[in-house]
Amino acid sequence: MSSSKHDHIKAEFLNPLLERNWQQWKQICPSIQEIEIPDKRFLYRQGESCASLFWIKEGIVKLSYLTIQGNELTLALIRSGCVIGQLQHDCANPVMQESAQALGKVSFYRIEYEDFKKLIYRWPEWSWAVFETMSNRQQQIERKLRTILTQPVDQRVIATLLDLAQLFGTRCKHGYSLEIFLTQQELADLVGASRSVVSTIMNEFRNRGLLDYTREQICINDAALINE
């Protein structure tokens, strides 16, 4: 089982735990809020001060980093059950190192840092799942950055599509149909390349029968991509 699929299973464990114990959680951490935001709205932005953590209930959140040159690099796509934000608390209002933006409608729980610590002490089995998914996500981001530095763009596109298939794909006659719609610019941000280069590669892959895509979806032949 891939680490991304394993993380999703771990994440799916988290939401039912909260729903079963909602009144207890409200007593322990009165700061908890359930919030819903529309497509493209930010949970937080890079450089902002924020002393909260964010527990994704439904939807997909994009974590991205803006370079000094003004280029956006998508670090990860986060789905329901995951917790994002900074656990380090060296100051009263830590500065966020990345931006978190909704892809489509997103609902989440916002919890102040001190209340989050109370939850960790109260439910150790929950806290272990949180730490494990956050640690694995950090390792995946580090592997992604190493790949960007060492692999050609076509191999990065293949690796990204296979990861997306594990996280957001459903089986179809071709292989996987992605349940998340990404523009070519968003895919390029994930790959760490220009939109024009990624567009050329995607067209080449489609001509070779490795994938097909429309404005609404991407359908990939995962078996063929793995052999590339």
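The rules we used
Residues numbered from 1 in each chain as written. Predicted model: local features only at pLDDT ≥ 70, side-chain atom pairs only at ≥ 80, totals over all residues. Heavy atoms only, no water. 1 Å grid on protein atoms, 1.4 Å probe; cavity = no way out; pocket = protein on both sides within 12 Å on 5 of 7 lines; lining within 4 Å. Points joined across faces, edges and corners; volume = space filled by probe spheres on them. Nonpolar A, V, L, I, M, F, W, Y, C, P; charged D, E, K, R; others polar. Phe/Tyr/Trp six-rings, centres within 6.5 Å; stacked < 30°, edge-to-face > 60°. Helix = DSSP H or I, 4+ residues; strand = E, 2+ residues; numbered from the N terminus. Lys NZ or Arg CZ within 6 Å of the ring centre and 35° of its normal. Core = buried A, V, L, I, M, F, W, Y, C linked by side-chain atoms within 4.5 Å. Buried < 20%, exposed > 50% of the residue type's maximum accessible area, 1.4 Å probe, protein only. Domains from an automatic or database assignment. Contact = heavy atoms within 4.5 Å. Salt bridge = Lys/Arg side-chain N within 4 Å of Asp/Glu carboxyl O. Axes fitted to C-alpha atoms, helices over the stretch in contact; angles between N-to-C directions. Parallel < 35°, antiparallel > 145°, perpendicular 65-115°, else oblique.

Draft legend 1. Main features of the layout of surface pockets. Quantified by volume, the second largest pocket comes out at close to 450 Å³. Along the wall of the second largest pocket there are 17 residues; nearest its centre are G85, Q86, E98, Q138 and I141. When grouped by side-chain class, the residues that make up the lining of the second largest pocket number 9 nonpolar, 6 polar and 2 charged.

Draft legend 2. How the structure looks around the packing of aromatic side chains. All told, the structure shown has 3 aromatic pairs when counted by the stated rule. Taking the centre distance of 5.3 Å and the plane angle of 40° together, the rings of Y44 and F54 count as tilted. In this pair, Y44 sits in strand β2 (residues 42-44) while F54 sits in strand β3 (residues 52-66), placing the two residues 10 residues apart along the sequence. The interplanar angle of 65° and the centroid separation of 5.9 Å between the aromatic rings of W55 and Y109 together place this pair among those described as edge-to-face. Linking W55 in strand β3 with Y109 in strand β6 (residues 99-112), this pair joins segments that are 54 residues apart in sequence. Over the face of the ring belonging to Y213 we find R206, whose NZ or CZ atom lies 4.1 Å from the ring centre.

Draft legend 3. Fine view of the nonpolar core. L77, V157, L164, I180, V198 and M202 are the most contacted members of the largest nonpolar core, which has 27 residues in total. Residue assignment for this core shows that the elements contributing at least two residues are α6 (153-168), β8 (176-178), α7 (184-191), α8 (195-207), β9 (211-213) and β10 (218-220). Examining the composition of this core, we find that 6 residues originate from one element, α6, more than from any other. The residue makeup of this core includes at least three contributed by each of domain 1 (4-146) and domain 2 (152-226). Once residues lying within four places of it in the same chain are set aside, the contact partners of L77 are I60, V61, K62, L103, L164, L167, F168, I180, L182 and L190. Within the second largest apolar cluster, 20 residues are counted, among which are A76, I84, V106 and I141.

Draft legend 4. Region of the structure containing the pattern of salt bridges. A full pass over the atoms with the stated rule returns 6 salt bridges. As a salt-bridge pair, K57 and E34 come within 2.8 Å of each other at their nearest N and O atoms. Here K57 is found in strand β3, whereas its partner E34 is found in strand β1 (residues 33-37), with 23 residues between them in sequence. On the accessibility criterion, E34 (46% relative accessible area) is partly exposed. For the salt bridge of D115 with K118, the shortest nitrogen-to-oxygen distance reads 3.4 Å. Pair noted here: D115 and K118 are both in helix α4 (residues 113-122), with a separation of 3 residues, about one helical turn. Residue class for D115 comes out buried when judged on its relative accessible area of 7%. Its relative accessible area of 40% is what places K118 among the partly exposed residues.

Draft legend 5. Representation of the side chain of E186 within the structure. Residue placement: E186 occurs in helix α7. With residues up to four places along the chain from it excluded, the contact list for E186 reads K40, T74, L103 and F181.

Draft legend 6. Structural view of the packing of α7 against α8. Between α7 and α8, whose axes approach to 9 Å, the crossing angle comes to 100°. Between α7 and α8, the angle is such that the two are roughly perpendicular. Within the contact between the two elements, α7 uses Q184, Q185, L187, A188 and V191 and α8 uses R195, V198, S199 and M202. Here the residues of the contact of α7 with α8 sort into 5 nonpolar, 3 polar and 1 charged.

Draft legend 7. Representation of the environment of S49 in the model. Residue position: S49 is located in the loop between β2 and β3. Put simply, S49 and P94 are 45 residues apart on the chain and 5.3 Å apart in space, counted from C-alpha to C-alpha. Look past the residues within four positions of S49 in its chain and what remains in contact with it is N93, P94 and V95.

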